[in-house]
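Each chain, letter by letter, is given below.
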Amino acid sequence: MQGYSDGKPYALSWSKQKPSGSTFRYKRLAEGTAGFVGSHLAERLLDAGHEVIGVDCLVPYYSTDLKRRNVAPLLERDGYTFIEGDLVDIELGPLVQGIDLVFHQAAQAGVRASWGAGFSPYIRHNVIATQRLLEAFTHRPPRAFIYASSSSVYGNSPLPMCEDTRPQPLSPYGMSKLAGEHLCTLYHQNFGIPTVVLRYFTVYGHGSAPTWPSTALFLPCCATS
Ligand SMILES: NC(=O)c1ccc[n+]([C@@H]2O[C@H](COP(=O)([O-])OP(=O)(O)OC[C@H]3O[C@@H](n4cnc5c(N)ncnc54)[C@H](O)[C@@H]3O)[C@@H](O)[C@H]2O)c1
């Protein structure tokens, strides 16, 4: 696996060693774990034998009941710890101790809602939370800090979009996700945190946010196929 700095790839080192004294393979921090992608990710990490610390503040952008339902089966699993808390407020020092990989999924989603008076939560959850989390790892970098970015950073860039296409977001949401990418680059360059940016295009499946157009479009097809 590779990370990118200034468009140039660099290798990430992956140890296969099991930490001694641990019954789990690795300790992973997955935030946004009550959300759609984060809850599936936590499930897969637990299936693979890893210990998972999940953090989510249950932003009421869509049903918090749905988010609690996403977390409920995870709470039954060995190796899973759920912390209901906001990355902007909680004490991160104890949380980041011994973390091997970070999956930063937590974000305020939604393109349309990011305009006008709705903008400030995007700064809080997508920019400040990302900066705080990166800062917490400056003295104890994980093997990789994996940031969930978005195709929204591309805006209407010509197809095909690729990693070296110049990002030109067309929404405040896209701008906030791109700001998170820049923070990853800054913390890599200044503190050596091995950051990886993944630009998700539309993700869909069970548990996806009812606010995503893809949920209305694809899930009925999945149910009938
Ligand atoms: N689903 C998609 O199609 C898609 C596409 C592009 C990018 N992404 C990105 O992928 C990631 C996951 O998306 P998703 O669809 O699962 O979104 P989601 O809204 O279902 O999950 C995000 C979770 O993050 C939590 N969260 C937000 N701010 C937080 C904070 N400050 N502290 C703790 N928890 C916080 C929310 O409560 C929510 O449960 C996001 O970063 C999103 O921007 C998703």
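Residues numbered from 1 in each chain as written. Predicted model: local features only at pLDDT ≥ 70, side-chain atom pairs only at ≥ 80, totals over all residues.

Another point: the overall build of the protein chain. A tally of regular secondary structure across the protein chain gives six helices and eight strands. When the helices and strands of the protein chain are listed from N to C terminus, the series reads β-β-β-α-β-α-β-α-β-α-β-α-β-α. Taking all 225 residues of the protein chain together, 36% fall into the buried category. Contacts in the protein chain between residues far apart in sequence, at least 24 positions, make up 71% of those at least 6 positions apart. (Helix = DSSP H or I, 4+ residues; strand = E, 2+ residues; numbered from the N terminus. Buried ≥ 20, exposed ≤ 12 C-beta atoms within 10 Å, placed from the backbone. Contact = placed C-beta atoms within 7 Å.)

Moving on: the site of the ligand. The environment of the ligand is made up of 32 residues, and the closest members are Gly32, Gly35, Val37, Ala107 and Ser150. Contributions of two or more residues to the shell around the ligand are made by α1 (36-47), β4 (51-56), α4 (120-136) and β7 (144-150). The greatest single-element share of the shell around the ligand, amounting to three residues, is contributed by α1. Here the residues of the shell around the ligand are counted per class, giving 18 nonpolar, nine polar and five charged. (Near = placed C-beta within 6 Å. Nonpolar A, V, L, I, M, F, W, Y, C, P; charged D, E, K, R; others polar.)

Attention now moves to the sheet that holds strand β8 (residues 195-200). Taken in spatial order, the six strands make up an open sheet running β5-β4-β3-β6-β7-β8, and their pairing is parallel. The open sheet has two edge strands, β5 (80-84) and β8, and neither has a second partner. Across the sheet, the mean angle separating the axes of adjacent strands is 15° when strand polarity is ignored. Two strands pair when backbone bridges link them, and β4 and β5 are joined in this way by five bridges, in the parallel orientation. Looking across to β5, one finds that aspartate 56 is bridged to glutamate 84. Contacts between helix α2 (residues 64-75) and the sheet are confined to β4 and β5, with β5 contributing the most and set at about 150° to the helix. (Pairing = 2+ DSSP bridges. Axes fitted to C-alpha atoms, helices over the stretch in contact; angles between N-to-C directions.)

Turning next to the pairing of strand β6 (residues 101-104). Both faces of β6 are covered, namely the face carrying Leu101 and Phe103 and the face carrying Val102 and His104. Bridge analysis of strand β3 (residues 27-31) against β6 gives four bridges, and the strand direction is parallel. Looking across to β6, one finds that arginine 28 is bridged to leucine 101. Inspection of the sheet shows β6 paired to β7 by four bridges, in the parallel sense.

Here the focus is the packing of α4 against helix α5 (residues 172-191). Interhelical geometry of α4 versus α5 gives an angle of 10° and a closest axis separation of 9 Å. Here α4 lies roughly parallel to α5, going by the angle between them. Here Tyr122, Ile123, Asn126, Val127, Thr130, Gln131 and Leu134 of α4 come into contact with α5, specifically with Pro172, Tyr173, Ser176, Lys177, Ala179, Gly180, Leu183, Cys184 and Tyr187. (Parallel < 35°, antiparallel > 145°, perpendicular 65-115°, else oblique.)

Between leucine 159 and proline 160 the backbone carries a cis peptide bond, its omega angle lying at -10°. Examined against the element boundaries, proline 160 turns out to sit in the loop between β7 and α5. In this model, leucine 58 sits at a positive phi of 50°, which is unusual for a non-glycine residue. Mapped onto the elements of the fold, leucine 58 is located in the loop between β4 and α2.

The next subject is the nonpolar core. Core analysis: the biggest nonpolar cluster contains 39 residues, and Ala42, Leu134 and Phe145 have the highest contact counts within it. The dominant element in this core, judged by the number of residues it contributes, is α1, at six residues. With near-sequence residues (within four places) excluded, leucine 134 lies in contact with Phe145, Leu183, Cys184, Tyr187 and Ile193. (Core = buried A, V, L, I, M, F, W, Y, C linked by C-beta atoms within 7 Å.)

With twelve residues, α1 should cover 16 Å at 1.5 Å per step; its first-to-last C-alpha distance of 17 Å lies within 8% of that length. Of the residues making up α1, those classed as buried are Phe36, Val37, Gly38, Ser39, Leu41, Ala42, Leu45 and Leu46. Against the buried residues of α1 lie β3, β4, α2, β5, β6 and β7. (Expected span 1.5 Å × (residues − 1).)

Before going further, it helps to spend a moment on the confidence of the model for the protein chain. Residues at a pLDDT of 70 or more form 82% of the protein chain, whose mean pLDDT is 87. Contacts of residues 9-22 to residues separated by more than four positions or lying in other chains number 16 contacts, the stretch itself having pLDDT below 50. In the predicted structure, residues 221-225 sits below a pLDDT of 50 and forms zero contacts with residues beyond four places in sequence or in another chain. (pLDDT = per-residue confidence, 0-100.)

We now examine the packing of α1 against α2. In the contact formed by α1 and α2, the axes pass within 10 Å of each other and the chain directions differ by 10°. Here α1 lies roughly parallel to α2, going by the angle between them. Contacts between α1 and α2 involve Ser39, Ala42 and Glu43 from the first element and Asn70, Val71 and Leu74 from the second.

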